[in-house]
Structures are given as C-alpha cells and as structure tokens.
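What follows is each chain in one-letter form.
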Amino acid sequence: ARHVVACDFTNAGISVVDDNLAVEDSTFSGGGISLLRGYMHIDNVAIDNGVLSVTREDASQTLYLNNLSIANTTAAPALRLDGWSFALGPNNQLTNNKYPVEMSGGLAPGSVVSATGNINNFVHLKNSNGPTGHDELPALTVPYLLSDL
C-alpha cells in the first residue's frame, strides 16, 4: 500500500497500479492522481490543472470521493471514473474543468455533482467497451451526456 500525507507536488503526480493508495492533506499543481485496479482513500486533496483518474475492475466496496478540490483542467474532466461503484460526496469543488465527471458506468445513489462552474456542466458517459461497473444513474443537478467526445 502507498500512503501520501501532507505533500505538495508541482508538475508531478502519482500513478499506482494493482495496489492500495491513500492520499491526504496534499496538493498537486500541474499533475494528478491515477489508480488502476486498486482501492483508494482520498481526503482533503487539491489538484490544479490535473485529473483524478480511477479504474476499478472488480465489484468491491464503493469508493467514496469527498473533500476534493479539482480546478483548471480545461482540456479534460476533473474526475475520470471507470469501473465499479463510485459515490461522490457533497464537499467536492470541481471548477473550471472541461466537465466535472467523465465515466463509464454509473454513480451510487446520493452522489452529488455541482450544477455550475465548469466549461460544460454535465456528466460525460463514455461510449466505450471498457469496464462498466455500477450502472445506476441517480438524479443529479447536472444532466448526463452519452457520446464519443
């Protein structure tokens, strides 16, 4: 397992494959966080001009994402979520990104996505052959858009 606490990254990020990752009280400027086939705990993390990308390939415990600030990623989404069981909490600040969320799959009931503040205020559902995961699309304050963007 990897554990990052109270770190500041400039023009760098973290990428973890097949492992667990915990990131707390940290900032990323010009870089992001990527997790492939693992589990993540993330709390009080700020990303400027970078993406939080998570791909989960099995149906394990729901991954709760809250207390995130992701901004100024104008060419990409703030959150790129693929695979099973994501829940978005009410304390995320996703602003000035191409769109707040891009995903293949769905979100757990009760998820929250802010209705304003991004270049495109919708959840982009990728039309892909990748993992689909939790396929429920709960009502949000933003619409869903299914496309090949």
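Shown above is the structure to which this text applies.
Everything numeric in this text was worked out from a predicted model, so none of it was measured. (Residues numbered from 1 in each chain as written. Predicted model: local features only at pLDDT ≥ 70, side-chain atom pairs only at ≥ 80, totals over all residues. Heavy atoms only, no water.)

> Would you mind going over the pattern of salt bridges in detail, with residue names and values included?
Where side chains of opposite charge bring their charged atoms close, a pairing between them can arise. Enumeration over the complete set of coordinates arrives at four salt bridges. Between K126 and D82 there is a salt bridge, with the nearest N and O atoms lying 3.1 Å from each other. Of this pair, K126 sits in strand β14 (residues 123-126) while D82 is found in strand β10 (residues 79-83), placing the two residues 44 residues apart along the sequence. What makes K126 partly exposed here is its relative accessible area of 25%. (Salt bridge = Lys/Arg side-chain N within 4 Å of Asp/Glu carboxyl O. Helix = DSSP H or I, 4+ residues; strand = E, 2+ residues; numbered from the N terminus. Buried < 20%, exposed > 50% of the residue type's maximum accessible area, 1.4 Å probe, protein only.)

> Can you explain the environment of A71? Please cite residues and give values.
One can find A71 in strand β9 (residues 68-71). Relative accessible area serves as the criterion here: at 13%, A71 is assigned to the buried category. Considered as a pair, A71 and V142 are 71 residues apart in the sequence and their alpha carbons are 18 Å apart. Excluding anything up to four places from it in sequence, A71 contacts I47, D48, N49, T95, N96 and N97. (Contact = heavy atoms within 4.5 Å.)

> So what about the packing of aromatic side chains? Which residues, and what values?
Under the defined criterion, the tally for this structure stands at two aromatic pairs. Their ring planes at 0° and their centres at 4.5 Å tell us that F9 and F28 sit as a pair that is stacked. Taken together, the residues span a long stretch of sequence, with F9 in strand β2 (residues 8-10) and F28 in strand β4 (residues 21-29) at a distance of 19 residues. Note that R56 overlies the ring of F86, its terminal NZ or CZ placed 6.0 Å from the centroid. (Phe/Tyr/Trp six-rings, centres within 6.5 Å; stacked < 30°, edge-to-face > 60°. Lys NZ or Arg CZ within 6 Å of the ring centre and 35° of its normal.)

> Got a sec to walk through the sheet that holds β14? Specific residues and values, please.
Either a parallel or an antiparallel arrangement is found when strands of a sheet pair, and the pairing is made through backbone hydrogen bonds. Across the sheet, which stays open at both edges, the seven strands sit in the order β3-β5-β7-β10-β13-β14-β15 with parallel pairing between neighbours. One side of each edge strand has no neighbouring strand; the edge strands of this open sheet are β3 (14-17) and β15 (144-147). Mean inter-strand twist for the sheet, computed between neighbouring axes without regard to direction, equals 15°. Pairing of β3 with strand β5 (residues 33-36), which is carried by four bridges, proceeds in the parallel orientation. Bridge assignment links I14 to a residue of β5, and that residue is I33. (Pairing = 2+ DSSP bridges. Axes fitted to C-alpha atoms, helices over the stretch in contact; angles between N-to-C directions.)

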